[in-house]
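Each chain, letter by letter, is given below.
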Amino acid sequence: MDVKIASDWKELLQDEFQKPYFAELVNFVKHEYASTTVYPAGKNIFRAFDKCPLDSLKVVIIGQDPYHGVGQANGLCFSVDDGVQFPPSLQNIFKEVSDDVGVQIPSSGNLDRWAEQGVLLLNAVLTVRAHNAASHAGRGWEQFTDAVVRAIAQKKEGVVYMLWGNYAQKKGQIADSNRNLILKSVHPSPLSVYRGFFGCKHFSQANAYLQSVGKTPINW
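Being a predicted model, the structure only gives us computed values, none of them experimental.

Participant: In this structure, what is going on with the pairing of strand 5 (residues 160–164)? I would like to understand it.
Facilitator: Two faces belong to every sheet, and in a regular strand the side chains alternate between them. Counting buried residues in strand 5 gives five out of five residues, a clear majority hidden from the surface. Where burial is concerned, the two faces of strand 5 agree: the one with V160, M162 and W164 and the one with Y161 and L163 are both buried. Summarising the sheet, strand 2 (residues 59–63) and strand 5 pair through three bridges and their orientation is parallel. Within strand 5, the position partnered with I61 by the bridge is M162. Where strand 5 and strand 6 (residues 181–185) come together, five bridges link them in parallel fashion. Bridge pairing in strand 6 links L163 to K184. Each parallel crossover has a hand, and for strand 5 linked through helix 7 (residues 166–171) to strand 6 it is right-handed.

Participant: When you look at the sheet that holds strand 5 in this model, what are you seeing that I'm missing?
Facilitator: What links the strands of a sheet is backbone hydrogen bonding, and the strands pair in either a parallel or an antiparallel sense. If you walk across this open sheet you meet the four strands as 3-2-5-6, and the pairing is parallel. Across the chains shown, the open sheet's two edge strands, defined by having one partner strand only, are strand 3 (119–123) and strand 6. In this sheet, adjacent strand axes meet at a mean angle of 15° when their direction is disregarded.

Participant: Explanation requested: helix 1 (residues 7–17) in the structure shown.
Facilitator: One turn of an α-helix holds 3.6 residues; hence residues three or four places apart share an orientation. W9, L13, E16 and F17 are the residues of helix 1 that are buried. Down the axis of helix 1, the smallest arc covering the buried residues is 80°, so these residues share one side. Projecting away from the buried face of helix 1 at angles above 90 degrees are the exposed residues S7, E11 and D15. The elements touched by buried residues of helix 1 are helix 2 (20–35), helix 3 (47–51), strand 3 and helix 6 (141–155).

Participant: I'm lost on the packing of helix 4 (residues 88–101) against helix 8 (residues 202–212) in this one. Help?
Facilitator: To describe two helices that pack against each other, one gives the angle between their axes and the distance between the axes. At a minimum axis separation of 7 Å, helix 4 and helix 8 run at an interaxial angle of 60°. In this view, helix 4 runs oblique relative to helix 8, as classed from their interaxial angle. Contacts between helix 4 and helix 8 involve I93, E96, V97, D100 and V101 from the first element and H202, F203 and S204 from the second. Of the residues assigned to the contact of helix 4 with helix 8, the class counts are four nonpolar, two polar and two charged.

Participant: Can you walk me through unusual backbone geometry in this structure?
Facilitator: Most peptide bonds adopt trans geometry, and most residues besides glycine take a negative phi value. Backbone torsion omega between Y39 and P40 reads -5°, so that peptide bond is classified as cis. The backbone of H131 shows a phi angle near 60°, a positive value even though the residue is not glycine. Secondary-structure assignment places H131 in the loop between strand 4 (128–129) and helix 6. Judged by relative accessible area, H131 falls into the exposed class, the value being 57%.

Participant: When you look at the pattern of salt bridges in this model, what are you seeing that I'm missing?
Facilitator: Enumeration according to the criterion identifies eight salt bridges in this entry. The residue E16 makes a salt bridge to K19 at a minimum N-O spacing of 3.1 Å. By relative accessible area, E16 is classed as buried at 9%. Judged by relative accessible area, which is 35%, K19 ranks as partly exposed. Two residues, E157 and R179, come together in a salt bridge whose shortest N-O distance is 3.2 Å. Separated by 22 residues along the polypeptide, E157 in the loop between helix 6 and strand 5 and R179 in the loop between helix 7 and strand 6 bring together distant segments of the chain. A network of salt bridges, in which partner residues are shared, links R47, K51, D112 and E116.

Participant: Help me understand the nonpolar core, please; the structure alone is not making it clear to me.
Facilitator: As a rule of thumb, nonpolar side chains are buried together in soluble globular proteins. Within the largest apolar cluster, 74 residues are counted, with the highest numbers of intra-cluster contacts made by W9, W114 and F144. Residue contributions to this core peak at seven residues, all from helix 6. Sequence-distant contacts of W114, defined by excluding residues within four places in its chain, comprise I61, I93, F94, V97, V119, L121, F203, N219 and W220.

Participant: Looking at this structure, how should I read the packing of aromatic side chains?
Facilitator: Two aromatic rings are characterised by how far apart their centres lie and by the angle between their planes. Inspection of every chain in the model, using the stated rule, returns 20 aromatic pairs. For the pair W114 and F203, a centre-to-centre distance of 6.0 Å together with 50° between the ring planes defines the contact as tilted. With W114 in helix 5 (residues 112–115) and F203 in helix 8, the pair connects residues that are 89 residues apart, well separated along the chain. The exposure class assigned to W114 is buried, which follows from its relative accessible area of 1%. Pairwise contacts between aromatic rings join F78, F86, F94, W114, W164, Y194, F197, F198, F203 and W220 into one cluster. In this structure, K95 is placed above the aromatic ring of F198, and the distance from its NZ or CZ to the ring centre is 4.9 Å.

What counts and what doesn't
- Residues numbered from 1 in each chain as written.
- Predicted model: local features only at pLDDT ≥ 70, side-chain atom pairs only at ≥ 80, totals over all residues.
- Heavy atoms only, no water.
- Buried < 20%, exposed > 50% of the residue type's maximum accessible area, 1.4 Å probe, protein only.
- Helix = DSSP H or I, 4+ residues; strand = E, 2+ residues; numbered from the N terminus.
- Pairing = 2+ DSSP bridges.
- Right-handed = clockwise from strand over helix to strand, strands pointing away.
- Axes fitted to C-alpha atoms, helices over the stretch in contact; angles between N-to-C directions.
- Arc of directions from axis to C-beta.
- Contact = heavy atoms within 4.5 Å.
- Parallel < 35°, antiparallel > 145°, perpendicular 65-115°, else oblique.
- Nonpolar A, V, L, I, M, F, W, Y, C, P; charged D, E, K, R; others polar.
- Salt bridge = Lys/Arg side-chain N within 4 Å of Asp/Glu carboxyl O.
- Core = buried A, V, L, I, M, F, W, Y, C linked by side-chain atoms within 4.5 Å.
- Phe/Tyr/Trp six-rings, centres within 6.5 Å; stacked < 30°, edge-to-face > 60°.
- Lys NZ or Arg CZ within 6 Å of the ring centre and 35° of its normal.

Quick look at the structure:
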């Protein structure tokens, strides 16, 4: 099965693409795109991988599923394109970055600049029906992205995992805390942000760790 994804990731995940569940997932997703409105645009389904080559991966941030509003999802978790209003969780992320490392809140919510520095912005589910949160959950994406996290854990060490909320923490528990830095907090959504996301200082901790293992810190 030909999946349009960056070649280094394709090689790492090739066994996964041959499994029966993935064929079923592809059929389901193709049917959804053909029959209803689905986000992100088809060309952006694997964009998180295209923007962050495996070789340069330093940080993994795990989201749940793409934004389901018009013009929001762009293939990277928490990210929106230039000119799109910040969703609440992204607004809270930028506030914590600003408080933590002292940078100004940016004018754009496009996180390509993070991805290009080695931050994999991975949603657990890579597609969603318009205005219908979690509508593509339970169809196979979770199995695929579990395999991604497992492959990273086996292939790479000295990686920072930022696990925000119970869902991300469960997904990231395969990563070895002896060989990587595991940072956990509540989710940055308005419902939970004041219960420990604000003040978590994950961004400065990530950079201190990256420097300690001889890697260039992220310009957040």
